[in-house]
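Read off the chains here:
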Amino acid sequence: MAFITRQCIRSLSSSAALNAAIKHVTVIGGGLMGAGIAQVAASTGHSVVLVDTSEDILKKSAKGIEASLKRVAKKKFAEKPEDGEAFVQKVLKNISTSTDAVSVVQGTDLVVEAIVENLKVKQDLFGALDKAAPERTIFTSNTSSLPIADIASSTARLDRFGGLHFFNPVPMMKLVEVIKAPGTSQQTFDALLEFSKALGKHPVSCKDTPGFIVNRLLVPYMLEAVRLHERGHGSKEDIDVAMKLGAGYPMGPFELLDYVGLDTSKFIIDGWHEKDPDNPLFAPSPLLNKLVAEGKLGKKTGEGFYKHK
């Protein structure tokens, strides 16, 4: 009886915590996505700690966030530059940095992970954080392709684990895919929807399926464009022009592949192909594999399907 009572109290206290607004956010990963998420959360009044493995990375992240905020302020406060500077300083005060994730999560409401797309690395991270974070803390991953359930399996809080997939550049892009894994509780899912809205984003509800919504449609589309080109049915230039002028897309599929990164697209499609080898939409591309092997990854390396200055 005493055990049952303790369990009920524990459940009720956890439920009350989940219903409370998310105020303190820990973002793990100081790259473009992590820094962008930290900036948006801080801009909307949240207390944010940005975590990465080295001070050098964090200094670069902080510098990037400040530069991004100044661009926002210049546009938002064009006629009152002094208000713009006050805005920048106010947001920056909401952000601190750390190289000790385990210590930071002991007092956080929400963890948003935005590190390398490697399942084992993510599982190891969350396994360690799970032992340190309070029961009320919600864990999320910003993964674009890995199953949330697989990442969450290294923890004992499957009900308080979900996905928050932001889009690059985070301060500009309004969409957030909120992913409900099989173990995610409705309370957790609702809290993540509300948090996304509090950031000024437009959340869409997703199931824990390959690529969620956007990438599940986008990646096969880009790969089908490559296959069309491989078959000699269209030049990459003509395919890009056709999709921009015929479908109204802002970028053609080859331009988009170069922007996203050929290695990123290959990683996603290879992972899906491994899980579902009979799905023709997930078939690897010899041309994409060749370019990645040659180190031609797109804009970030100066050459992909196109050459970039």
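Calculation notes
- Residues numbered from 1 in each chain as written.
- Predicted model: local features only at pLDDT ≥ 70, side-chain atom pairs only at ≥ 80, totals over all residues.
- Heavy atoms only, no water.
- UniProt positions renumbered as here; feature names shortened; annotations may be inferred.
- Helix = DSSP H or I, 4+ residues; strand = E, 2+ residues; numbered from the N terminus.
- Rg over C-alpha atoms; globule rule 2.2 N^0.38 Å.
- Buried < 20%, exposed > 50% of the residue type's maximum accessible area, 1.4 Å probe, protein only.
- Contact = heavy atoms within 4.5 Å.
- Lys, Arg positive; Asp, Glu negative; His and termini not counted.
- Charge placed at Lys NZ, Arg CZ, Asp CG, Glu CD.
- Core = buried A, V, L, I, M, F, W, Y, C linked by side-chain atoms within 4.5 Å.
- Pairing = 2+ DSSP bridges.
- Axes fitted to C-alpha atoms, helices over the stretch in contact; angles between N-to-C directions.
- Phe/Tyr/Trp six-rings, centres within 6.5 Å; stacked < 30°, edge-to-face > 60°.
- Lys NZ or Arg CZ within 6 Å of the ring centre and 35° of its normal.
- Salt bridge = Lys/Arg side-chain N within 4 Å of Asp/Glu carboxyl O.
- 1 Å grid on protein atoms, 1.4 Å probe; cavity = no way out; pocket = protein on both sides within 12 Å on 5 of 7 lines; lining within 4 Å.
- Points joined across faces, edges and corners; volume = space filled by probe spheres on them.
- pLDDT = per-residue confidence, 0-100.
- Expected span 1.5 Å × (residues − 1).

For the chain, an unreviewed UniProt entry supplies the name 3-hydroxyacyl-CoA dehydrogenase and the organism Cirrhinus molitorella. One UniProt comment on the chain, placed under Sequence similarities (unreviewed entry), says "Belongs to the 3-hydroxyacyl-CoA dehydrogenase family." Among the UniProt annotations of the chain, the heading Pathway (unreviewed entry) holds the following wording: "Lipid metabolism; fatty acid beta-oxidation."

Per the secondary structure count, the chain includes 13 helices and 8 strands. Taking 2.2 N^0.38 as the reference for a compact globule, 309 residues should give roughly 19 Å; the C-alpha atoms of the chain span a radius of gyration of 21 Å, in line with that estimate. With respect to the three principal axes, the spread of C-alpha positions in the chain is 70 × 55 × 35 Å. Residues counted as buried form 44% of the 309 residues belonging to the chain. Once local pairs closer than 6 in sequence are excluded, the contacts in the chain between residues at least 24 apart make up 65%. Each charge sign in the chain was given a centre, from 38 positive and 35 negative side chains, and these centres are 4 Å apart.

Right, let's talk about the environment of Ala114 for a bit. Topologically, Ala114 is positioned in the loop between strand E4 (110–113) and helix H6 (119–132). Each C-alpha atom, one on Ala114 and one on Ile28, is 5.8 Å from the other, the two residues being 86 residues apart in sequence. Aside from chain neighbours lying at most four places away, what touches Ala114 is Ile28, Gly29, Met33, Gly34, Ile37 and Asn142.

Judged by nonpolar contacts, the single largest core of 34 residues is most densely connected at Leu110, Leu164 and Phe166. The element that contributes the greatest number of residues to this core is helix H2 (residues 32–43), accounting for 6 residues. Dropping the residues within four chain positions of it, Leu110 is found in contact with Ile22, His24, Val25, Thr26, Thr137, Ile138, Thr140, Leu164, Leu192 and Phe195. Membership of the second largest hydrophobic core comes to 21 residues, among which are Ala101, Leu129, Phe161 and Cys206.

As a further point, take the sheet that holds strand E6 (residues 161–166). In spatial order, the strands read E3-E2-E1-E4-E5-E6-E7-E8; together these 8 strands make up an open sheet with mixed pairing. A strand with exactly one partner marks an edge of an open sheet, and here the two such strands are strand E3 (95–98) and strand E8 (202–207). For this sheet, the mean inter-axis angle between neighbouring strands, taken without regard to orientation, is 25°. Pairing between strand E1 (residues 24–28) and strand E2 (residues 47–51): 5 bridges, direction parallel.

Time to look at the packing of aromatic side chains. One pass over the full model with this rule turns up 7 aromatic pairs. With a centroid separation of 6.1 Å and an interplanar angle of 85°, the aromatic rings of Phe139 and Phe161 are classed as edge-to-face. With a gap of 22 residues between them, Phe139 in strand E5 (residues 138–141) and Phe161 in strand E6 connect regions that are remote in the sequence. Exposure remark for Phe139: the relative accessible area of 0% places this residue in the buried category. Residue class for Phe161 comes out buried when judged on its relative accessible area of 0%. When the ring of Trp272 is compared with that of Phe282, the centres are 5.2 Å apart and the planes differ by 55°; the resulting orientation is tilted. Taken as a pair, Trp272 in helix H12 (residues 262–275) and Phe282 in the loop between H12 and helix H13 (286–293) lie far apart in primary sequence, 10 residues in all. Relative accessible area serves as the criterion here: at 4%, Trp272 is assigned to the buried category. Residue classification places Phe282 among the buried residues on the basis of a relative accessible area of 3%. One cation-aromatic arrangement involves Arg157 over Phe139; the distance from NZ or CZ to the ring centre is 4.4 Å.

Another aspect to go through is the pattern of salt bridges. Counted according to the given criterion, the structure contains 18 salt bridges. Between Lys300 and Asp263 there is a salt bridge, with the nearest N and O atoms lying 2.9 Å from each other. Of this pair, Lys300 sits in the segment after H13 while Asp263 is found in helix H12, placing the two residues 37 residues apart along the sequence. Judged by its relative accessible area of 26%, Asp263 is partly exposed.

Glancing now at the layout of surface pockets. If you add up the space inside the largest pocket, you get close to 1,400 Å³. As for the largest pocket, its lining consists of 40 residues, of which Met33, Ser144, Asn168, Val260 and Thr264 are closest to the centre. Secondary-structure elements contributing two or more residues to the lining of the largest pocket are H2, E6, helix H9 (214–230), helix H11 (253–260) and H12. In terms of residue count, the dominant contributor to the lining of the largest pocket is H9 (6 residues).

Right, let's get into the confidence of the model for the chain. Low pLDDT marks regions whose predicted coordinates should not be analysed in detail. Mean pLDDT over the chain: 93, with 94% of residues reaching 70 or higher. Note that pLDDT drops below 50 for residues 1–16; the model gives that stretch 3 contacts with residues more than four away or on any other chain.

Our focus in this paragraph is H9. Here H9 contains 17 residues, and its C-alpha end-to-end distance of 24 Å stays within 8% of the 24 Å for a straight helix at 1.5 Å per residue. Every buried residue belonging to H9 is among Asn215, Val219, Pro220, Met222, Leu223, Ala225, Val226 and Arg227, and all of these are buried. The elements touched by buried residues of H9 are E6, helix H10 (236–247), H11, H12 and H13. Phi for Gly232, located one or two positions after H9, is positive at around 80°.

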